Amino acid sequence: MNNILDINNKNLPKAIIDYANKKKDIVFDFDEVIYMNQDGNIFINDKNIDGDPLKIWQTCINKWKKNKGDNEISALGFFSYDFKNILYPNYQFKNHRNSKTPYFWFGKPSSVISADDYKYNYEKQNIKLKQDLLNLKNFDKIINHIKTYLYDGDVYQINFTQPLIYQYSGNALDLYIQIRDKSEPKFGFFLDIDDIQYLSFTPEKFFTKNKNYIKSYPIKGTIKKEVSKEKDFDRVLQLQNSSKDKAEHLMIVDLLRNDLGQVCKFGSIEVNDLFSVKTFKTIHHMESEVIGIPKEKITEIEIIKSIFPGGSITGAPKFRAMQVIDDLENYNRALYTGCIGTIMGNGDMDFNICIRTMTIEGKKATYPVGGGIVWDSKSELEYNEAKEKANILSQN
């Protein structure tokens, strides 16, 4: 018999780990919180802590792990995409200050209920578009600009993104459940850090880690689903046989192999299910598994330093791609394309790439979309793909 948790008559949850075909973890409070704001200040329970942010974070996580059982969540939280500013301090990335999202935020859960599923009677929510995507003419100019970098050999691929901005005043949890019920995400995640709420409907697992393996699941290559089964089958074949998408995908797989090689034993990296096509509510994606055996006594922050941010959302080579993105994009991505997840008491890690992710701050909701641009990318096709990735909002 399924264990269904009714959260209507409880205090509203602070977080929901909402993965398809898995038990749901509903978090109602945190004992401690650590975060780093955009000025580089680190706080533990709102007390300012001086020192190296990476060492402070790791020390805090170590302490939390000791206070939890092996299979209990010791830490839940995220690294924003802009955490790259800390990992690459020798390059001056722009700060547009369009979001107050911390560079990182983690909490130690104090009240967690696991259930097969949960029910919550949400009220219908409405969002009003304030800022749309660039028009095709201006988008085409950016694609051509990217191709100058590609032609010059600076990069092989750039993941260009832009934000959709909505006016919103309502209940963030209600909006999360409303979109979740329509989009049926593979890795749903809700997080409320008081001033900001994050609603993630991502299909992409960044990495999992246990004592035996580190596994990453890069997604690159997208095509729209069709209502007709016959036409949709043709769509899947089209993606499977796309030389452009395969080349784009392989670049990111190779990048992930290199990143994981820094924290895995020599010769242990393997690739499984290369170019596998996975089906989601509105689109099909190309996904592979990159797997390696972790080195002895590797720490959580060493893994993050080696593989963050994920190559699927930067392009290749990663550092130069991030510089180009910084030149092209006129906003800070904040949590979008960062990662969110959990660390267990035994050190197991499970993090998602934050695509299909909305950030709510006050009366503003931001939902960026984007995709990988390579030499043979066509502006109109890339533009349509970006719009397709926002389809989970148009259904609401």
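Relevant structure appears above.
Summary of the structure given here. (Residues numbered from 1 in each chain as written. Predicted model: local features only at pLDDT ≥ 70, side-chain atom pairs only at ≥ 80, totals over all residues. Heavy atoms only, no water.)

## A short note on the packing of helix α3 (residues 136–151) against helix α8 (residues 318–328)
Reasoning step 1: One can describe the packing of α3 onto α8 by two numbers: an axis separation of 12 Å at closest approach and a directional angle of 150°. It follows from the interaxial angle that α3 and α8 lie roughly antiparallel. Crossing handedness for the pair α3 and α8: right-handed. Residues His 145, Ile 146 and Tyr 149 of α3 form the contact with α8, whose own contacting residues are Arg 320, Val 324, Asp 327 and Leu 328. (Axes fitted to C-alpha atoms, helices over the stretch in contact; angles between N-to-C directions. Helix = DSSP H or I, 4+ residues; strand = E, 2+ residues; numbered from the N terminus. Parallel < 35°, antiparallel > 145°, perpendicular 65-115°, else oblique. Left-handed = near helix turned anticlockwise from the far one by under 90°. Contact = heavy atoms within 4.5 Å.)

## What to know about the packing of α3 against helix α9 (residues 379–389)
Reasoning step 1: Interaxial distance between α3 and α9 falls to 10 Å at its minimum, and their mutual angle equals 115°. The pairing of α3 with α9 is recorded here as roughly perpendicular in orientation. Classified by chirality, the crossing of α9 by α3 is right-handed. In contact with Leu 136, Phe 139, Asp 140 and Ile 143 of α3, α9 contributes Ser 379, Glu 380, Glu 382 and Tyr 383.
Reasoning step 2: Looking at the contact of α3 with α9 residue by residue, the classes come out as 4 nonpolar, 1 polar and 3 charged. (Nonpolar A, V, L, I, M, F, W, Y, C, P; charged D, E, K, R; others polar.)

## Digging into the environment of Glu 32
Reasoning step 1: Position of Glu 32 relative to the elements: it lies in strand β3 (residues 24–36).
Reasoning step 2: For the pair Glu 32 and Pro 109, spaced 77 residues apart in sequence, the C-alpha separation works out to 7.7 Å.
Reasoning step 3: Each residue touching Glu 32, except ones within four places of it in the same chain, is listed here: Ile 44, Asn 45, Lys 63, Trp 64, Phe 106, Gly 107 and Lys 108.
Reasoning step 4: In this structure the side chain of Glu 32 is engaged in a polar contact, spanning 3.3 Å, whose partner is the side chain of Lys 63. (Polar contact = N/O pair within 3.5 Å; in protein donor to acceptor, adjacent residues only side chain to side chain.)

## Here we look at the packing of aromatic side chains
Reasoning step 1: Overall, the coordinates contain 24 aromatic pairs when judged by the stated rule.
Reasoning step 2: Relative to Trp 105, the ring of Phe 30 has its centre 5.3 Å away and its plane inclined at 80°; by these criteria the two rings are edge-to-face. With Phe 30 in strand β3 and Trp 105 in strand β7 (residues 104–115), the pair connects residues that are 75 residues apart, well separated along the chain. Trp 105 carries the same exposure label as Phe 30, and that label is buried.
Reasoning step 3: Between Trp 57 and Phe 106, the aromatic rings sit 5.4 Å apart at their centres with planes inclined by 70°, giving edge-to-face as the arrangement. Taken as a pair, Trp 57 in helix α1 (residues 53–66) and Phe 106 in strand β7 lie far apart in primary sequence, 49 residues in all. Of the two residues examined, Trp 57 and Phe 106, each falls in the buried class.
Reasoning step 4: Ring pairs connect the aromatic residues Trp 57, Phe 79, Phe 83, Phe 104, Phe 106, Phe 206, Phe 207, Phe 308 and Phe 351, which therefore count as one cluster.
Reasoning step 5: Positioned above the aromatic ring of Tyr 213, the side-chain terminus of Lys 215 is 5.6 Å from the ring centre. (Phe/Tyr/Trp six-rings, centres within 6.5 Å; stacked < 30°, edge-to-face > 60°. Buried < 20%, exposed > 50% of the residue type's maximum accessible area, 1.4 Å probe, protein only. Lys NZ or Arg CZ within 6 Å of the ring centre and 35° of its normal.)

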